[in-house]
Amino acid sequence: MMCLDNTSHYFSSIRDALNSSKELTRRELLEEEKKRNQYLRELLSENESSLIEVRVYLDAELRNTLNIKKEKRGRMFIPKDGTNTKTLAGIMEEIKLFFPVLRTCYSLSLRADLPTLLTDGSILCPEDSQDETRKDPYEHYRSIDNDESVMKIFEDADDFFLSHHQHLKRPLVFLHVRRDLEIPLPSYLKDMANPKDTKTMTMLSFYSFPPGGISDPENFIRFLKKIWEPFDVLGRVYVATEGVNAQMAVPSNVLENFQKCCYATPEMGNHIENGINVDPVPLTIEEFAEVGKLDGKPSPPFKTLTLKVRNKIVADGLDKTLNWESAGYDMPPIEWHQKLKEAKETRQKGTAEGEDSLPLIFDCRNGYETEVGIFEGAQPLSTENFRDSWDAFKEKLKDKPKDTPIMTYCTGGIRCVKVAAYLTQEMGFTDVSRLAGGIIAYDRTLNNMAPEEEPMFKGTNYVFDGRVGRKITDDALGSCITCSEKTNLLGNCMNVLCHRRMVQCKKCLETYCGCCSDTCRAIKANQIST
């Protein structure tokens, strides 16, 4: 069980730091570092004593926590008249510029001291001390915890240099950096495995609609980057004022730690509807590298972690935001499975009375998704985009009584939150349910809880990563776009000007070079030649 108090303190320290500092892009950081190094070189060539030398030592525990294998110590130079020798925030920024890996850590504490000169004028380094009574060679160092202590150590360094200039080239300070023990590490990071040692990757997805929304999506993205940094996760995450929508790949050896981190984050936590959807079958590193498709070639489902701000986490085309917390009945996967089995048995009996009592089952995904996989007895909306769903529902339900039982499903459940909210709040239907966690949760739950049961979902589940589709049964439901042969293979046209989502059999995929038509094949060939 994780200590939420520690986690809350840890999170608040990160949020405070983000709020008080400008978040620079990598290009801006490189440009800033380039200008700074040029300035330092000029100072070194003109007057070395105008710089203060700071020898930085990273604490062993800190290096282990951040998996720092090489950077143990370093020597940085700070202009004596610069603002960063006068404030705690300034010296912290200098350290993080010098050790970029420390930018992910917002619980640092500093200790500093002046150099110790031996009788021959040489400098004694802290870790070379022969005093065996000291377990911690830095225990006598003074704490650097406010602006006054920063200014004091640099003033003392300048005075020490003036008194010992025959042995020193410039003012010198020894600085020890460690994790701030006043901000305990959250329990989910304690004794965590190194994600780089994982043998498998686990695919997962989740979404949340926090009741209070997310007031500053851009800042929340920066926060997520910081707290997710230790896990080496990959994926695509959308953040909007209405919530979070994530499809990710996580090193399996830190999966539990990552889940605890997500549940501890207030904007997600209890608001992650139906929990985090975890794929039941982890992928080996070798499988992960080739399970996706990019330009027709094997590639990983995700290559990086991409977080983006969106107007909505699912573009719905609605003029107003509905109450996502009032969105019908969230039907558990096993109950859903049983309902569909009963409906199938009723249809097989063929009685008019029985069929009149059947629920309407709607596949709320787009046409290209339902082509290759669908629940038995479901009606596809056959939409091209999710925003087209509302007109489709108005047409299909225009003559239906408001108490008609309606069951809806989608890939991971997020679209059905919006569908169920619309059907109940805008169209007035009173008996609306949705598959909790979508097809992904159904697949996982059936495998775990009732593996002997035949899936009511047939074919391939379209997924929104490089894999494109996850096969649930061997049923080939789709029709090849070029020859009409039955297939379950999904892809995108290789003509970059087209890139349409398509169903295409293996033979035509080779014949048309991954394109949807002769025209696109010719255009692609011209793209390669030019």
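Below, the structure is looked at part by part. (Residues numbered from 1 in each chain as written. Predicted model: local features only at pLDDT ≥ 70, side-chain atom pairs only at ≥ 80, totals over all residues. Heavy atoms only, no water.)

As a further point, take the packing of helix H9 (residues 333-349) against helix H14 (residues 438-449). One can describe the packing of H9 onto H14 by two numbers: an axis separation of 9 Å at closest approach and a directional angle of 90°. Taken together, the axes of H9 and H14 lie roughly perpendicular to each other. Residues Pro333, Ile334, Trp336 and His337 of H9 form the contact with H14, whose participating residues are Ala441, Tyr442, Thr445, Leu446 and Met449. Residue classes in the contact of H9 with H14 are distributed as seven nonpolar, two polar and no charged. (Axes fitted to C-alpha atoms, helices over the stretch in contact; angles between N-to-C directions. Helix = DSSP H or I, 4+ residues; strand = E, 2+ residues; numbered from the N terminus. Parallel < 35°, antiparallel > 145°, perpendicular 65-115°, else oblique. Contact = heavy atoms within 4.5 Å. Nonpolar A, V, L, I, M, F, W, Y, C, P; charged D, E, K, R; others polar.)

Quick look at the sheet that holds strand E1 (residues 51-58) now. The strand order E2-E1-E7-E3-E6 describes an open sheet built from five strands, whose pairing is mixed. Since the sheet does not close on itself, it has two edges, and those belong to strand E2 (73-79) and strand E6 (142-144), each with one partner. With direction set aside, neighbouring strand axes in the sheet form an average angle of 35°. Examined bridge by bridge, E1 and strand E7 (residues 172-179) share six bridges and lie parallel to one another. Following the sheet pairing, valine 54 is matched in E7 by valine 173. (Pairing = 2+ DSSP bridges.)

Note: strands within a sheet are paired through backbone hydrogen bonds, in either parallel or antiparallel orientation. With parallel pairing, the five strands of this open sheet are ordered in space as E16-E21-E20-E17-E19. Two strands lie at the open edges of the sheet, namely strand E16 (329-331) and strand E19 (379-380), each paired on one side alone. Running over the sheet, helix H13 (residues 414-425) touches strand E20 (406-409) and strand E21 (432-435) and is turned about 175° from E21.

Next up on the list: the pattern of salt bridges. Under the counting rule described, the total for this entry stands at 25 salt bridges. Residues arginine 415 and glutamate 369 are paired through a salt bridge, measuring 2.9 Å at the closest nitrogen-oxygen approach. Here arginine 415, found in helix H13, pairs with glutamate 369, found in helix H11 (residues 367-370); they are 46 residues apart in sequence, far enough to count as distant. For the pair arginine 415 and glutamate 369, one class covers both residues: buried. (Salt bridge = Lys/Arg side-chain N within 4 Å of Asp/Glu carboxyl O. Buried < 20%, exposed > 50% of the residue type's maximum accessible area, 1.4 Å probe, protein only.)

This paragraph deals with the packing of aromatic side chains. For the coordinates displayed, the defined rule picks out 19 aromatic pairs. Here the aromatic residues Trp336, Phe375, Tyr409, Tyr442 and Phe457 are joined through ring pairs into a cluster of three or more. Positioned above the aromatic ring of phenylalanine 429 is the side chain of lysine 402, whose terminal nitrogen or guanidinium carbon lies 4.5 Å from the ring centre. (Phe/Tyr/Trp six-rings, centres within 6.5 Å; stacked < 30°, edge-to-face > 60°. Lys NZ or Arg CZ within 6 Å of the ring centre and 35° of its normal.)

Summed over the entire model, instances satisfying the criterion amount to three cavities of 30 Å³ or more. What the largest cavity holds in volume is close to 50 Å³. The wall of the largest cavity is formed by Val54, Ile91, Ala112, Ile144, Val150, Ile153, Phe154, Val173 and Leu175. Counting only elements with at least two residues in the lining of the largest cavity, the list comes to helix H5 (147-163) and E7. Top contributing element to the lining of the largest cavity by residue count: H5, with three residues. Considered class by class, the residues forming the lining of the largest cavity number nine nonpolar, no polar and no charged. (1 Å grid on protein atoms, 1.4 Å probe; cavity = no way out; pocket = protein on both sides within 12 Å on 5 of 7 lines; lining within 4 Å. Points joined across faces, edges and corners; volume = space filled by probe spheres on them.)

What follows covers H14. Since the α-helix advances by 3.6 residues per turn, residues separated by three or four positions end up pointing in the same direction. The end-to-end C-alpha distance of H14, which contains 12 residues, comes to 16 Å, matching closely the 16 Å that a straight helix rising 1.5 Å per residue would cover. Judged by how many residues are buried, H14 sits mostly within the fold: nine of 12 residues are covered. Taken together, the buried positions of H14 are Gly438, Ile439, Ile440, Ala441, Tyr442, Asp443, Arg444, Thr445 and Leu446. (Expected span 1.5 Å × (residues − 1).)

Inspection of the secondary structure puts glycine 213 in the loop between strand E8 (200-208) and helix H6 (217-228). By relative accessible area, glycine 213 is classed as partly exposed at 24%. Note: C-alpha distance between glycine 213 and alanine 240 (27 residues apart in sequence) is 8.3 Å.

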